[in-house]
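Residues per chain, in single letters:
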Amino acid sequence: MSGEAKRTVAALPGEGVGEGMPAHVAIIMDGNGRWAARRGLPRFEGHRRGVEAIRRAVRTAGDLGIRYLTLYSFSAENWRRPAQEVSDLMGLLKRFVRHDLADLHAGNVRVRIIGAREGLAPDIRPLLDEAEQLTQGNTGLTLVIAFNYGGRQEIVRAVQALARKVREGGLDPEAIDAAALEAHLDTAGIPDPDLVIRTSGEQRVSNFLTWQTAYSEFVFIPDFWPDFDEATFRAALDEYFKRERRFGGLSARAV
Ligand code: IPE
Ligand code: IPE
Ligand code: MG
């Protein structure tokens, strides 16, 4: 397959798998509905095909030696969609966990779920807990699923947790710093994303990882999510490698 010739990412001189890779790639998987509409298919078909793209993305991330892959699968605002679509998306999540958990576990993938657990149907919560518990000892790729997730809501929950500690007398307000807040986010212990990819041509963050993306690089891809494959992933990484991250400092060429 010509894919080998495209391995510009892992074939840079002196690079092995994982070396030089962003440690954490986060993806806003957008465009399932438009993918389906273009084909005269129901939106559900786009979501169903989107699950196949998820499997490809997880495989590619593991092959490339990326340590953390975060996938935005359902936002705190997606409840605004018609009840049937919300129910379809919940059904696909359940099916994904039931069908794919054993494979993920066998592949040494560690699963973490971020987002609010409150308000989820009673049959979903235990599935999420099971996915995390079964895979917690795994040492390969960490797959972070952002489900019922909103960045602002996550920050509010962290602030509430800190405020409770202050009220109980265990925490001095002056001791609250960025590290203390981070420790109370759903992503505690996970490094900030180096790269955020959004498919479908939209160029916005839609309440994704609001705190964590302060210095992430963003790559926007015109393709709809169901078409996302290894070549698209590698092209996004190649774009990332062209970027110069400065974190508020000066260009390496300027010093
Ligand atoms: C992404 O595709 C999946 C979710 C947001 C759950 P969309 O469903 O947003 O598809 P478009 O953006 O309407 O095409
Ligand atoms: C963002 O996509 C949420 C997910 C990909 C899960 P949306 O399609 O919900 O975002 P907006 O509404 O276009 O900003
Ligand atoms: Mg969308």
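Our structure is the block above this text.
In what follows, the accompanying structure is described. None of the values given here were measured: they were computed from a predicted structure.

**Section: the site of ligand 1**
In step 1: If you check the shell around ligand 1, you find 13 residues, and the closest are Asp30, Gly33, Arg34, Arg43 and Arg81.
In step 2: A distance of 3.3 Å separates an oxygen atom of ligand 1 from a polar atom in the backbone of glycine 31.
In step 3: Between ligand 1 and glycine 33, the relevant distance is 2.9 Å, taken from an oxygen atom to a main-chain nitrogen or oxygen of the residue.
In step 4: For the shell around ligand 1, the elements supplying multiple residues, two or more each, are helix H1 (32–38), helix H2 (43–64) and helix H3 (83–106).
In step 5: With three residues, the top contributor of residues to the shell around ligand 1 is H1.

**Considerations on the sheet that holds strand E4 (residues 142–149)**
In step 1: Here six strands make up an open sheet; going across it, the order is E3-E4-E2-E1-E5-E6 and the pairing parallel. In this open sheet, the two strands that pair with only one neighbour each are strand E3 (110–114) and strand E6 (217–220). Sheet twist, expressed as the mean angle between neighbouring strand axes with direction ignored, is 20°.
In step 2: Pairing geometry for strand E1 (residues 24–28) and strand E5 (residues 195–198), over four bridges, is parallel. The residue bridging alanine 26 from the neighbouring strand is valine 196, located in E5.
In step 3: Lying over the sheet, H2 contacts strand E2 (68–75) and E4, oriented at roughly 160° with respect to E2.
In step 4: Across the sheet, helix H7 (residues 230–242) lies against E1, E2, E5 and E6, angled at about 135° from E5, the strand it touches most.

**What to know about the site of ligand 2**
In step 1: If you check the shell around ligand 2, you find Ile28, Met29, Asp30, Tyr72, Ser73, Phe74, Ser75, Asn78, Arg81, Arg198, Arg204 and Ser206 and nothing else.
In step 2: One of the side-chain nitrogen or oxygen atoms of arginine 81 is found 3.2 Å away from an oxygen atom of ligand 2.
In step 3: At a separation of 2.7 Å, an oxygen atom of ligand 2 approaches a polar side-chain atom of arginine 204.
In step 4: In terms of residue count, the dominant contributor to the shell around ligand 2 is E2 (four residues).
In step 5: A per-class count over the shell around ligand 2 returns four nonpolar, four polar and four charged.

How each quantity is defined
Residues numbered from 1 in each chain as written. Chains lettered and ligands numbered in written order. Predicted model: local features only at pLDDT ≥ 70, side-chain atom pairs only at ≥ 80, totals over all residues. Heavy atoms only, no water. Near = heavy atom within 4 Å. Polar contact = N/O pair within 3.5 Å; in protein donor to acceptor, adjacent residues only side chain to side chain. Helix = DSSP H or I, 4+ residues; strand = E, 2+ residues; numbered from the N terminus. Pairing = 2+ DSSP bridges. Axes fitted to C-alpha atoms, helices over the stretch in contact; angles between N-to-C directions. Contact = heavy atoms within 4.5 Å. Nonpolar A, V, L, I, M, F, W, Y, C, P; charged D, E, K, R; others polar.

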